[in-house]
Amino acid sequence: AALSGRSRRIAMLASVLRSSVSPTVAPRACRGNVDRPTPVRALTIRGRCPVGPAASGRDDAGETSRLGRRQSAMAIATVLSGIEASSDFVRADPGAGQGIPAVTHTVFLDVGLCDSIVRADRALGNKGGVCTSPETLGRITIGLYGNLVPNIVRNFVSLCEASPGEGYAGTVFHRVKPGEYVLAGQAGSYRLGQVQTPGFDSNPEMLSSASFRERHLRPGTVSLAVGAATGEGDGNGGYSPARSAGTEFLITTGPTPAPSLDGENVVFGRVLKGMDVVTRIAAVPTFRPSGNSIAWNQVAEWLRDERAAKARESWSKPTQAIVITDAGVLTRPDPVT
């Protein structure tokens, strides 16, 4: 709204400047050269031509000044029109402050960093395989779009509220792709830093194309991982219960949009505070393949070997466990009475 008001003021100013500039040009006979006839199609000026050499000289200077003012005014009007056109272009972009869904809930994720990966030898009894005293990275506060995809938001809130071993607390970010996104919430064994598969009801939102319309334009976009869910890699499209347990979520890291995620993952929120924490997560080193591994993987991909995609997943696996040490709900809509 602020941008729209500014644009209207700019347009009005440009209009005033244009209207204040007279299109009248002095005849050539009134500019000191009395021997030249006045052109037939020359425009008239207000008032009469000065008489005499001195008057003619004064008119030359005055006319030059007026022409300079007109040119300056027209230049200003042109620049302002360009600004207005640029503003129209910005407003046409849904990422420029319009069309952002309303936040209905806010939740938090406290994140820490272990000195090593999740270790199976630690996963004894009810204890998880992550370290017990991770280094604190900070808190991520997320706003959720409960009016856009209410079922997905409700499920996410329930996992944030759940106790360790039943929700996100105690689980890890298992994929890091700098410049794209970080991924957490893989379903599986809590002892390995994964989310125990919840018994969510069938969700019709996952079968609606409208749920996939929001785009990943801004850093800090939060979406339910479907196409990017672990096990299938990126860009496979469509929903499959076998591929997504409804627990994996991603956060885009920026600085640019992530169009490869559009249409295949369901945007349901955005980071309100803590993008510096997301940046720290994205900076954690990942396992890097050797040149031979990359070459053989490309050959396997060419041969349509399904193991190629599975092998590539390990390339984005962090070398240290990035742990969600705590999670919870900060605000939610008031109950309807």
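Fair warning: this is a prediction, and the values are worked out from it, not measured in the lab. (Residues numbered from 1 in each chain as written. Predicted model: local features only at pLDDT ≥ 70, side-chain atom pairs only at ≥ 80, totals over all residues. Heavy atoms only, no water.)

Describing the packing of aromatic side chains
Applying the stated criterion to the full structure yields five aromatic pairs. Between phenylalanine 156 and phenylalanine 249 the ring centres are 5.2 Å apart and the planes differ by 85°, which places this aromatic pair in the edge-to-face class. Taken together, the residues phenylalanine 156 in helix 3 (residues 150–161) and phenylalanine 249 in strand 6 (residues 249–252) connect sequence positions 93 residues apart. With a relative accessible area of 4%, phenylalanine 156 lands in the buried category. You can call phenylalanine 249 buried: its relative accessible area is 1%. Ring centres of tyrosine 168 and phenylalanine 249 lie 5.1 Å apart, and the angle between their planes is 70°; on these two criteria the pair is classed as edge-to-face. Here phenylalanine 249 lies in strand 6 and tyrosine 168 lies in the loop between helix 3 and strand 3 (172–177), a separation of 81 residues in the sequence. Just as tyrosine 168 is buried, phenylalanine 249 falls in that class too. Chaining the aromatic ring pairs together yields one cluster made of Phe156, Tyr168, Phe173, Phe249 and Phe268. When the ring centre of phenylalanine 108 is taken as reference, the NZ or CZ atom of arginine 139 above it lies at 3.9 Å. (Phe/Tyr/Trp six-rings, centres within 6.5 Å; stacked < 30°, edge-to-face > 60°. Helix = DSSP H or I, 4+ residues; strand = E, 2+ residues; numbered from the N terminus. Buried < 20%, exposed > 50% of the residue type's maximum accessible area, 1.4 Å probe, protein only. Lys NZ or Arg CZ within 6 Å of the ring centre and 35° of its normal.)

Focus: the state of the cysteines
Within the structure shown, the criterion is met by one disulfide. With a sulfur-sulfur separation of 1.9 Å, cysteine 114 is cross-linked through a disulfide to cysteine 131. Between cysteine 114 and cysteine 131, the disulfide has an S-S torsion of -85° and is therefore left-handed. In this pair, cysteine 114 is assigned in the loop between strand 1 (105–113) and strand 2 (135–144) and cysteine 131 in the loop between strand 1 and strand 2, connecting sequence segments 17 residues apart. Across this residue pair, the class does not change: cysteine 114 and cysteine 131 are buried. (Disulfide = S-S within 2.5 Å.)

Examining the pairing of strand 6
On a regular strand, each side chain points to the face opposite its neighbour's, so the side chains alternate between the two faces of the sheet. Here strand 6 shows two buried faces, one formed by Phe249 and Ile251 and the other by Leu250 and Thr252. Here strand 4 (residues 181–184) pairs with strand 6 via four bridges, running antiparallel. Each residue of the ladder has a partner; that of alanine 184, found in strand 6, is phenylalanine 249. (Pairing = 2+ DSSP bridges.)

Notes on the pattern of salt bridges
Evaluation of the coordinates by the stated rule reveals four salt bridges. Linking arginine 280 and aspartate 276 is a salt bridge whose minimum nitrogen-to-oxygen distance equals 3.5 Å. A residue pair is termed a helical-turn pair when its members lie 3 or 4 positions apart in one helix, as arginine 280 and aspartate 276 do in helix 4 (residues 275–282) at four residues. (Salt bridge = Lys/Arg side-chain N within 4 Å of Asp/Glu carboxyl O.)

Some thoughts on unusual backbone geometry
Along the chain, glycine 254 connects to proline 255 via a cis peptide bond; the corresponding omega equals 5°. Topologically, proline 255 is positioned in the loop between strand 6 and strand 7 (266–273).

Observations concerning the confidence of the model for the protein
On average, residues of the protein score 74 in pLDDT, and 61% of them are at 70 or above. Under a pLDDT of 50 for its full length, residues 73–96 has, in the predicted model, 32 contacts with residues more than four places off or in other chains. Contacts from residues 232–243, a stretch scored under 50 in pLDDT, to residues over four places away or in other chains number 27 contacts. (pLDDT = per-residue confidence, 0-100. Contact = heavy atoms within 4.5 Å.)

Describing the environment of glycine 112
Summarising the element assignment, glycine 112 is placed in strand 1. A relative accessible area of 1% places glycine 112 in the buried class. Here the alpha-carbon distance between glycine 112 and proline 134, two residues 22 residues apart in the chain, equals 5.1 Å. Discounting chain neighbours no more than four positions away, the residues touching glycine 112 are Pro134, Glu135, Thr136, Leu137, Ala321, Ile322, Val323 and Thr325.

Concerning a nonpolar patch on the surface
Residues Trp296, Val299, Trp302 and Leu303 make up a contiguous nonpolar surface patch of about 560 Å² in total accessible area. Looking at the element boundaries, leucine 303 is found in the loop between helix 5 (291–302) and helix 6 (307–313). (Patch = residues over 30% accessible without salt bridge, like charges linked within 9 Å, V, L, I, M, F, W, Y side chains within 5 Å. Areas by Shrake-Rupley, 256 points an atom, 1.4 Å probe, with all protein chains shown as cover.)

Considering helix 3
The terminal C-alpha atoms of helix 3 lie 16 Å apart, and with twelve residues this matches the ideal 16 Å at 1.5 Å per residue to within 8%. Within helix 3, burial applies to Asn151, Ile152, Val153, Asn155, Phe156, Val157, Leu159 and Cys160. Close packing links the buried residues of helix 3 with strand 1, strand 2, strand 5 (221–224), strand 6, strand 7 and strand 8 (322–331). (Expected span 1.5 Å × (residues − 1).)

Section: the environment of tyrosine 145
Relative to the helices and strands, tyrosine 145 is located in the loop between strand 2 and helix 3. Sequence spacing of tyrosine 145 and arginine 270 is 125 residues, and the spatial spacing of their C-alpha atoms is 8.4 Å. Excluding residues that lie within four positions of it along the chain, tyrosine 145 makes contacts with Ile100, Pro101, Ala102, Val103, Thr104, Val153, Val267, Phe268, Gly269 and Arg270.

Remarks on the nonpolar core
If you look at the biggest cluster of nonpolar residues, it comprises 39 residues, and the most contacted ones within it are Ile140, Phe249, Phe268, Ile281 and Ile322. The contact partners of isoleucine 140, leaving out residues within four places of it in the chain, are Val107, Phe108, Leu109, Val111, Ile251, Val271, Lys273, Gly274, Val277, Val278 and Ile281. Core analysis: the next-biggest nonpolar cluster, separate from the first, contains eight residues, Tyr181, Ala229, Leu250 and Ala258 among them. (Core = buried A, V, L, I, M, F, W, Y, C linked by side-chain atoms within 4.5 Å.)

Considering the sheet that holds strand 1
Pairing is antiparallel around the closed barrel formed by eight strands, whose spatial order is 1-2-7-5-6-4-3-8. Across this sheet, the average inter-strand angle for adjacent strands is 35°, counted without regard to direction. In the packing of helix 3 onto the sheet, contacts are made with strand 1, strand 2, strand 5, strand 6, strand 7 and strand 8, and the angle to strand 1 comes to roughly 45°. Along the sheet face, helix 4 touches strand 1, strand 2, strand 3, strand 4, strand 6, strand 7 and strand 8 and points at about 125° away from the line of strand 2. (Axes fitted to C-alpha atoms, helices over the stretch in contact; angles between N-to-C directions.)

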